[in-house]
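Now for the letters of each chain:
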Amino acid sequence: MNPVIGLLRAAVLIASCGIAGLALAADYPAPKRGVWVAKDFRFSTGDTFPELKLGYATVGEPTGEPVVILHGTAGSAASMLSPIFAGELFGAGQPLDASKYYIIIPDALGAGASSKPSDGMRAKFPRYNYEDMVKAQYRLVSEGLGIRHVRLVLGNSMGGMQTWMWGVTYPDFMDALVPMASQPTDMSSRNWMMRRMILDAVRNDPEWKGGDYTVQPPALRIANVFFGIATSGGTLAFQQMAPTREAADKLLDERLKAAFNADANDFLYQWDASRDYNPAPKLDAIKAPVLAINSADDERNPPETGIMERELKRLGSARLLLIPASADTRGHGTTGLARFWAKDMGAWLANVPKRPAGN
C-alpha cells in the first residue's frame, strides 16, 4: 500500500480551506471540565503519589462513541478547544460531531488542572516522562471514566507522539489512531537539540536557583520565543510575515512582549519529558489502522528524512497525509489548524471498521 495520500488532493483541500476558513467555525456543545484522582500512581522513576490529580475536558455525552484527543507540549485541554481546532471538528456534520461522539481531552500530567511541579513540590516533583503521561491518560479514561474501548485516539505534536505510545502500549483499546506532527522514532536531531537548549537556557539562568526561584527566570521567555521561531511557523509563512528586517524585528518584539505566564519548573518538566521517547522498538504491536498527518514544512519532523515512510511500512494498515507547504501553512504548527486535514481524516475514519473491546 502506498502510504502517502495524494498530495494533489491535499493541495486542493488547502486551497478550498482558504475560503472556508473565513466562515465562522461551527458551534458544538459546551465543554465540561472535571478532575479525577488516580490512587497510588507509580512513576517510571519509582516515585509514587498516593493521589495524582488528572484534569480533563469532555464535549458531548457519555452515550456517544468515545474519542481521546491529546494536546501538545505546554498546552492543556483548553488549547484543543479553539475555533481553529475544535470549531472545525466537533460541530454538527463535522468529522467528530459531538452529537455522535464523546470527546475526552485530558490535561497531560504536568499541565492544566493535573498535578504538576508548581502545585508546591517544585523541582522535587517526580521527573516524569511520556510513559508516565500516557499511563495517567489511560487510567483517567479507563478507570476514571469507565471506558473500555474508544473509537479514536488523536493527538497533535506531543499528543501525536503519545498517540503512537497509546498504540503500542494499549493496542486493543482503540479502533483507530491519528498521530499528527510527530514521528514514531526516538527523540533526535534538531528536535532534541532545540529542546536541550530550552532546558539549558533556563537551568543556567542564575534566577532559576535550582527550581527555588522567587521570580520567573528571564531566560524562560527568551527560550520559549527562540524555540517557537526555530521549530514552528513555516519558512514560507515567516517570509510572508517578515519580508524585511524591520518587519522581522517588529514580529520578534511582539512575541517577546506577548503575555507569557508559564512556570519555569512546569515548563522544564514538560519539555524534558520527551527525553526517552521511542516507540519504534514496539511499533509492530500496533493493531489499529493509522492515519499519520504531518506537514511538508514541519521543522521538527522534516519529511525529507524518509523516517515516516520507512516506519509506516512496518504496519499493516497505515497511511500518511502529508500537507504540502505553502504560505498558508505554519510548519510544525500546521496540524493545529484542523481545516487542513479534517475532511480527509473524517472520510478515512468512516471506513475504519469497529472492533469489540479487547480485540
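Placed above this text is the structure.
This is a predicted model, so every value here is computed, not measured. (Residues numbered from 1 in each chain as written. Predicted model: local features only at pLDDT ≥ 70, side-chain atom pairs only at ≥ 80, totals over all residues. Heavy atoms only, no water.)

1. Some remarks on the overall build of the chain
Definition in use: Under the scheme used here, helices are H or I runs from DSSP no shorter than 4 residues and strands are E runs no shorter than 2 residues, and both carry numbers assigned from the N terminus. Atoms considered for the radius of gyration are the C-alpha atoms alone. The globule rule reads 2.2 Å times the number of residues to the power 0.38. Burial status follows relative accessibility: with a 1.4 Å probe on protein chains alone, a residue under 20% of its type maximum counts as buried, one over 50% as exposed, and anything between as partly exposed. Throughout, a residue-residue contact means that at least one pair of heavy atoms, one from each residue, lies within 4.5 Å. Note that accessible areas follow from Shrake-Rupley with a 1.4 Å probe, and for residues the cover is restricted to the protein chains shown.
When helices and strands are counted, the chain shows 10 helices and eight strands. In summary, the chain has a C-alpha radius of gyration of 20 Å against a globular reference of 21 Å for 359 residues, a match within 12%. The buried share of the chain, taken over its 359 residues, is 54%. Of the contacts formed within the chain by residues at least 6 apart in sequence, a portion of 79% connects residues at least 24 apart. When the accessible surface of the chain is totalled, it reaches about 15600 Å², and 55% of it is carbon and sulfur.

2. Some details on the packing of aromatic side chains
As a reminder of what qualifies: Each Phe, Tyr or Trp ring (for Trp, its six-membered ring) is paired with any other whose centre lies within 6.5 Å, and the angle between the two planes then decides the class: stacked below 30 degrees, edge-to-face above 60, tilted in between. A ring is scored as having a charge over it whenever the NZ atom of a lysine or the CZ atom of an arginine sits within 6 Å of its centre and within 35 degrees of its normal.
For the structure shown, the criterion picks out 18 aromatic pairs. Where phenylalanine 125 meets tyrosine 269, the ring centres are 6.0 Å apart and the plane angle is 85°; that geometry is what we call edge-to-face. You can see phenylalanine 125 sitting in the loop between strand E4 (101-106) and helix H2 (130-144) and its partner tyrosine 269 sitting in helix H8 (residues 264-272), a full 144 residues away along the chain. Assessed through its relative accessible area of 4%, phenylalanine 125 is described here as buried. Judged by relative accessible area, which is 11%, tyrosine 269 ranks as buried. Look at phenylalanine 260 and phenylalanine 267: their rings are 6.0 Å apart centre to centre, the planes differ by 90°, and that puts the pair in the edge-to-face class. Judged by its relative accessible area of 22%, phenylalanine 260 falls in the partly exposed class. Through a chain of ring-to-ring contacts, the aromatic side chains of Phe41, Phe43, Phe49, Phe125, Tyr128 and Tyr269 assemble into a single cluster. We note arginine 122 situated over the ring of tyrosine 213; from NZ or CZ to the ring centre the distance is 5.3 Å. Between the NZ or CZ atom of lysine 135 and the centre of the ring of phenylalanine 41, over which it lies, the distance is 5.0 Å.

3. Observations concerning H8
The condition is simple: Here a polar contact is recorded for every N or O atom pair within 3.5 Å, except that within protein the pair must consist of a potential hydrogen donor and a potential acceptor, and residues adjacent in sequence are included only if both atoms are side-chain atoms.
Along H8, nine of the nine residues are buried, which leaves the element largely enclosed by surrounding structure. Of the positions making up H8, those classed as buried are Ala264, Asn265, Asp266, Phe267, Leu268, Tyr269, Gln270, Trp271 and Asp272. Elements in contact with the buried residues of H8: helix H4 (189-203) and helix H5 (219-231). The N-cap residue of H8 is aspartate 263: its side-chain oxygen and the backbone nitrogen of asparagine 265 are 3.1 Å apart.

4. Quick look at the sheet that holds strand E2 (residues 48-59)
The cut-off we apply is this: Whether two strands pair comes down to DSSP finding at least two bridges between them. Between N-to-C directions, angles cover 0 to 180 degrees, with each direction set by a line fitted to C-alpha atoms, over the stretch in contact for helices.
With mixed pairing, eight strands are arranged side by side in an open sheet as E1-E2-E4-E3-E5-E6-E7-E8. Pairing within the sheet leaves two strands with one partner each, and these edge strands are strand E1 (32-42) and strand E8 (318-323). Between one strand and the next, the sheet's axes are offset by a mean angle of 20°, whatever the strand orientation. Note that strand E3 (residues 65-70) and strand E5 (residues 150-156) share four bridges and pair parallel. Counterpart to valine 68 in the pairing with E5 is valine 153. With respect to the sheet, H2 is in contact with E1, E2, E3, E4 and E5, its orientation differing from that of E1 by roughly 115°.

Everything listed here is a matter of geometry and, on its own, says nothing about what the molecule does.
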